[in-house]
Amino acid sequence: MPDRISPSAADEGFRKELLSVLPHLRAFARGLSGRADFADDLVQEAAIKAWTARERYQAGTNMRAWTFAILRNHYLSELRRSRRQTDLDEGVVEKMLVMDADQEAPLHLNDMEGALQKLAPERREAVLLVGASGFSYEEAAEIAGCPIGTMKSRVARARADLARMLDEDDVQQVEVRTRKAS
Amino acid sequence: MNQPNGRGTPGRMPGLPPEVRRDGEPGWAGGLRKLYNSVVEEPLPDSFKDLLKKLDDDGDA
């Protein structure tokens, strides 16, 4: 362990770095899942996994990218576990997730949150990593375990989807206001 | 659990989200970052105190 002065000093440094990224992990998990309580569970479980695996972390590298990858993989395994339990294929689960998001729409803070949850999961992840969390395409591709070109494509499609949905919402709101006024 | 090698964009601290406002981008792009940052800025809920305590306990063990 070249960076280690003593185990306790290294652990303390790791703990401080881990604590500093918790708010970012919460924001990423909230965006991925659309559910605050589930997101916080994911973050806590991912933080424990990161802590357990701290020997593998190289001090001074990107703690945020490392922990985002852990959280992302944990989220997907939770989805797969849920799918096994319900014995449904992936397409059905994805549709259910989108339907859940639609049904919870009145609880969303704003149109942006609702639109985000309507995106295909891999596009939502991509735009959260690059557009919201500020990762480079290269970092985001490493976190998601895909080629950079795939990540760029997902981000572009997510952006197009969001632009279309939010523009449509604007039009619909204007129409509603117009109908109410008449 | 592979560790991404990225170290952030040059010229900005890794781990920090981008500014909320940028020139020449659609309004929703700033809205997305605003949504993200609103969660980042929330205080950690009480449930996380147990996590922090666990990390402390494990670290001392």
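Note that the structure is a prediction, hence the values are computed from the model and not measured.

Q: Honestly, the overall build of chain A in this entry has me stumped. Any pointers?
A: If you tally the helices and strands in chain A, you get 8 helices and 0 strands. For chain A, the sequential pattern of α-helices and β-strands runs α-α-α-α-α-α-α-α. When the 182 residues of chain A are sorted by exposure, 37% land in the buried category. The contacts in chain A between residues at least 6 apart in sequence include a share of 64% that link residues at least 24 apart.

Q: Can you help me understand the interface of chain A and chain B in this one?
A: Where interface size is quoted, it is often the accessible area lost as the parts come together. Contacts between chain A and chain B engage 42 residues on the former and 30 residues on the latter. Contributions of two or more residues to the side of chain A that touches chain B are made by helix 1 (7-33), helix 2 (36-52), helix 3 (63-86), helix 5 (111-118), helix 6 (121-132), helix 7 (137-144) and helix 8 (148-181) of chain A. Considering every element that reaches the side of chain A that touches chain B, the biggest residue donor is helix 1 of chain A, with 11 residues.

Q: Would you take a moment to explain the UniProt feature "domain: RNA polymerase sigma-70 region" (unreviewed entry) in chain A for this structure?
A: UniProt marks residues 21-84 of chain A with the feature "domain: RNA polymerase sigma-70 region" (unreviewed entry), using the numbering shown here. Between the end C-alpha atoms of residues 21-84 of chain A the distance is 31 Å, and the span holds 81% helix and 0% strand.

Q: Sorry, what's going on with the nonpolar core here?
A: The biggest cluster of nonpolar side chains holds 51 residues, and the ones touching the most others in it are A:L25, A:A29, A:V43, A:L71, A:V127 and A:A140. In this structure, this core is formed jointly by two domains, domain 1 (1-87) and domain 2 (107-182) of chain A, each of which donates at least three residues. Once residues lying within four places of it in the same chain are set aside, the contact partners of A:V127 are A:A132, A:V155, A:A158, A:R159, A:L162 and B:L32.

Q: Can you help me understand the domain arrangement of chain A in this one?
A: All names here are of chain A. For chain A, the domain assignment lists domain 1 (1-87) and domain 2 (107-182). Of the residues lining the interface, 9 residues belong to domain 1; the matching set on domain 2 comes to 12 residues. Secondary-structure elements contributing two or more residues to the side of domain 1 that touches domain 2 are helix 1 and helix 3. Across the side of domain 1 that touches domain 2, the residue classes tally to 5 nonpolar, 3 polar and 1 charged.

Q: Please clarify how the confidence of the model for chain B should be interpreted in this entry.
A: Where the model shows low pLDDT, its predicted coordinates should not be examined in detail. Across chain B, the average pLDDT comes to 69, with 54% of residues at or above 70. Residue range residues 6-21 of chain B is modelled with pLDDT below 50. Its contacts to residues more than four positions away, or to other chains, number 32 contacts.

Q: Would you take a moment to explain the environment of A:A141 for this structure?
A: All names here are of chain A. With respect to the helices and strands, A141 occurs in helix 7. Residue class for A141 comes out buried when judged on the 23 C-beta atoms lying within 10 Å of it. Sequence-wise, A141 and K152 are 11 residues apart; in three dimensions their C-alpha atoms are separated by 8.6 Å. Not counting residues up to four positions away in its chain, the partners in contact with A141 are C146, P147, I148 and M151.

Q: Explanation requested: the environment of A:S82 in the structure shown.
A: With respect to the helices, strands and loops of the structure, A:S82 is situated in helix 3. Sequence separation between A:S82 and A:E138 is 56 residues, and the spatial gap between their C-alpha atoms is 30 Å.

Q: Can you walk me through helix 7 of chain A in this structure?
A: Because an α-helix packs 3.6 residues into every turn, residues spaced three or four apart end up facing the same way. Across the 8 residues that make up helix 7 of chain A, a large majority, 6, are buried. Just beyond helix 7 of chain A, the residue with positive phi is A:G145, at close to 65°.

Q: Help me understand the confidence of the model for chain A, please; the structure alone is not making it clear to me.
A: Mean pLDDT over chain A: 82, with 74% of residues reaching 70 or higher. Taken element by element, chain A is modelled with least confidence in helix 4 (residues 90-103) of chain A, mean pLDDT 49, and with most confidence in helix 7 of chain A, mean pLDDT 97.

Q: Looking at this structure, I do not really get the packing of helix 6 of chain A against helix 1 (residues 27-40) of chain B. What am I missing?
A: What describes two packed helices is the angle between their axes and the distance between those same axes. For the pair helix 6 of chain A and helix 1 of chain B, interaxial distance at closest approach is 10 Å and the crossing angle is 90°. On the basis of their axis angle, the class for helix 6 of chain A and helix 1 of chain B is roughly perpendicular. On helix 1 of chain B, the residues that touch A:V127, A:G131 and A:A132 of helix 6 of chain A are B:A29, B:L32, B:R33 and B:Y36. Considering only residue class, the contact of helix 6 of chain A with helix 1 of chain B consists of 5 nonpolar, 1 polar and 1 charged.

Cut-offs applied
Residues numbered from 1 in each chain as written. Chains lettered and ligands numbered in written order. Predicted model: local features only at pLDDT ≥ 70, side-chain atom pairs only at ≥ 80, totals over all residues. Helix = DSSP H or I, 4+ residues; strand = E, 2+ residues; numbered from the N terminus. Buried ≥ 20, exposed ≤ 12 C-beta atoms within 10 Å, placed from the backbone. Contact = placed C-beta atoms within 7 Å. UniProt positions renumbered as here; feature names shortened; annotations may be inferred. Core = buried A, V, L, I, M, F, W, Y, C linked by C-beta atoms within 7 Å. Domains from an automatic or database assignment. Nonpolar A, V, L, I, M, F, W, Y, C, P; charged D, E, K, R; others polar. pLDDT = per-residue confidence, 0-100. Axes fitted to C-alpha atoms, helices over the stretch in contact; angles between N-to-C directions. Parallel < 35°, antiparallel > 145°, perpendicular 65-115°, else oblique.

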